[in-house]
Amino acid sequence: MKDESRLRADSLQAVVVVGKDNIQSCSSFTEQALSHGSATEVLLVQKQMGERVSALARHTYPEQPHENGHLDCQVETEGLRRSIQNLGVLITTGAIGHTSVATGEGLRHTLVGQHTSVTVTTKDKDSELVKTGNAALRAEIMSVDGAVTTETEVVDNKNGTYEVGYTMRSEGEFSFSLLLYDQPVRGSPFRLRAVKPSDVLQSPDDVKRRVKSPSGTGGHIRQKAVRRPSSMYSTTKKKENPIEDELIYRVGRCRSETCNSKLILVKAIVSIIVSQVKHIFQGTSHISPYSLLSLKKKGQKGTIVVVFILQVFSNDGAFKLRFGVRGRSPGQLQRPTGVTVDMNGDIIVADYDNRWVSIFSSDGKFKSKIGAGRLMGPKGVAVDRNGHIITVDNKACCVFIFQANGKLVTKFGARGTSDRQFTGPHFVAINNKNEIVVTDFHNHSVKVYSADGEFLFKFGSHGEGNGQFNAPTGVAVDANGNIIVADWGNSRIQVFDSSGSFLSYINTTADPLYGPQGLSLTSDGHVAVADSGNHCFKVYRYLQ
């Protein structure tokens, strides 16, 4: 086995060496021809030079090693006593650094004196998960002057994942390196900031804005509670002070016991929340939001817009204005479920029962509708970098891509469980690569597609563990490409990196969620979420 590994490594090296020699030979030949040859001679060899350069340009060479140099012999003494022939086994893994990933809040933030851990998930050269342990992983935390300041410990879970733990003794900025076979894992080294616990406490104004969540007395059946890992804003001790949680404030409550609308939120540009209202709102004390959207216009302060009347709130929850009327005619709203804002500031609303998407000006005047006659039950809506309106059709189990004038660009999806199929898709967001991120409610997963609808990857499965879902709903993407998902059935919000690896939870333990649906990022970087079971929307602190 060792000889085979050596032969494969030698073969890979030979390919690279031959390629280098070919490039140098071609370069030298071309340089000599251009420097010393006459115009006639250059013309004579032009075709030959062009063909060689083109052939080299088309050829691909490995830039990273396809294997690591790990080869150990694990001696089994007990087996030696049983049989002289059973001396042990050779151990090796396919894990390599540049495809393996590290996740966890502790990569970038920690509290002085508090034990913190992160998870490293090893992958092979094809980015497939390695399901065995024994890889050579080490961690280093160094100060800005390069001195190692903190001891780390690595726990091998024997399934391809590793827990790296540490406890910072001083505050400041540090470099956190994770090395697999002396090669950095993806993103390493990380910039780690350690702060004192007292530095993350909220101000008195934040505490005053807190309102206790009402108890559920309606016909809802609450989902089973899930124990969530603590974040840097909480401890393992029983909470006595609510300011340890990451909730900043909440707005709204159900005005009557018959209020039973759901909540949805989508992302765009000025902080807007859309809500289907079955009762007249009086200020912000009685609210039954249906859909939530976060927008941020350059040069403007963020605002939060809530529908069937569209209600607009400032980033701190103060009511600003409302517009809209119920009905089935163009310009009216019957059951708005998703909302976004385009590059011109127009407000785009998906209307589930009217089976179309309505477009309003920024001051609420109706402009046009699109998708009539095509859409069966539009739910989530977003706008990509090309100005296309991406609409998730919950009933048809597909995604429509329209131009702003309503012309259909393409659609993809059908009912089912495969990569290009959905079962009850809900909401959509656009990431920083202009890719389409869709929550697949009954398939308990999040799927990512190119701007043209080609399947790229998916993540998630049914369950209550880290990275699992019980019917995902709202979705948003932050400036770093991290994907924030509302996990409706588990009543929590999970955060994933751009490749779908689990990172952390939004800490909601002081004022728990009950069936979160829409969510987005506000203009000041917080997470706003529509809390359907508590008939309100909440804003949580979120560290990007």
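Please refer to the structure higher up on the page.
The model shown is predicted, which means the values in this text are computed figures rather than measured ones.

Asks: Explain the sheet that holds strand 25 (residues 389-393) to me, please; I cannot follow it from the model alone.
Replies: Whether parallel or antiparallel, the strands of a sheet pair through hydrogen bonds between backbone atoms. With antiparallel pairing, the four strands of this open sheet are ordered in space as 24-25-26-27. The open sheet has two edge strands with one neighbour each: strand 24 (378-383) and strand 27 (408-412). Strand-to-strand twist across the sheet, computed as the mean angle between neighbouring axes with direction ignored, equals 20 degrees. Note that strand 26 (residues 398-402) and strand 27 share four bridges and pair antiparallel. Looking across to strand 27, one finds that Ile 401 is bridged to Thr 410.

Asks: Before we go on, may I ask you to explain the sheet that holds strand 9 (residues 161-166) in this structure?
Replies: Pairing is antiparallel in the open sheet, where four strands are placed in the order 3-5-9-8. Here the strands that pair on one side only, and so sit at the sheet edges, are strand 3 (96-103) and strand 8 (152-156). Put simply, the sheet's adjacent strands are angled 30 degrees from each other on average, direction ignored. With four bridges joining them, strand 3 and strand 5 (residues 116-123) adopt antiparallel strand pairing. Directly across from Ile 96, in strand 5, lies its bridge partner Lys 123.

Asks: Even after reading the chapter, I still don't get the side chain of Asp 497, so can you show me in this structure?
Replies: Turning to its location among the elements, Asp 497 is positioned in the loop between strand 34 (492-496) and strand 35 (502-505). Of the buried charged residues, Asp 497 lacks a salt bridge, with Arg 186 as the closest side chain of opposite charge at 4.3 Å. There is a polar contact of 2.9 Å between the side chain of Asp 497 and the side chain of Ser 499. From its side chain, Asp 497 meets the backbone nitrogen of Ser 501 in a polar contact 2.9 Å long. Apart from the residues within four sequence positions on either side, Asp 497 is in contact with Thr 103, Arg 186, Gly 481, Asn 482, Ile 483 and Leu 503.

Asks: Could you clarify how one ought to interpret the environment of Thr 509 in this entry?
Replies: By the element assignment, Thr 509 lies in the loop between strand 35 and strand 36 (516-521). A residue is classified by how much of its surface remains accessible, and Thr 509, at 39% relative accessible area, is partly exposed. Along the backbone, Thr 509 and Arg 492 are 17 residues apart, and their C-alpha atoms lie at a distance of 9.4 Å.

Parameters at a glance
Residues numbered from 1 in each chain as written. Predicted model: local features only at pLDDT ≥ 70, side-chain atom pairs only at ≥ 80, totals over all residues. Heavy atoms only, no water. Pairing = 2+ DSSP bridges. Helix = DSSP H or I, 4+ residues; strand = E, 2+ residues; numbered from the N terminus. Axes fitted to C-alpha atoms, helices over the stretch in contact; angles between N-to-C directions. Buried < 20%, exposed > 50% of the residue type's maximum accessible area, 1.4 Å probe, protein only. Lys, Arg positive; Asp, Glu negative; His and termini not counted. Salt bridge = Lys/Arg side-chain N within 4 Å of Asp/Glu carboxyl O. Polar contact = N/O pair within 3.5 Å; in protein donor to acceptor, adjacent residues only side chain to side chain. Contact = heavy atoms within 4.5 Å.

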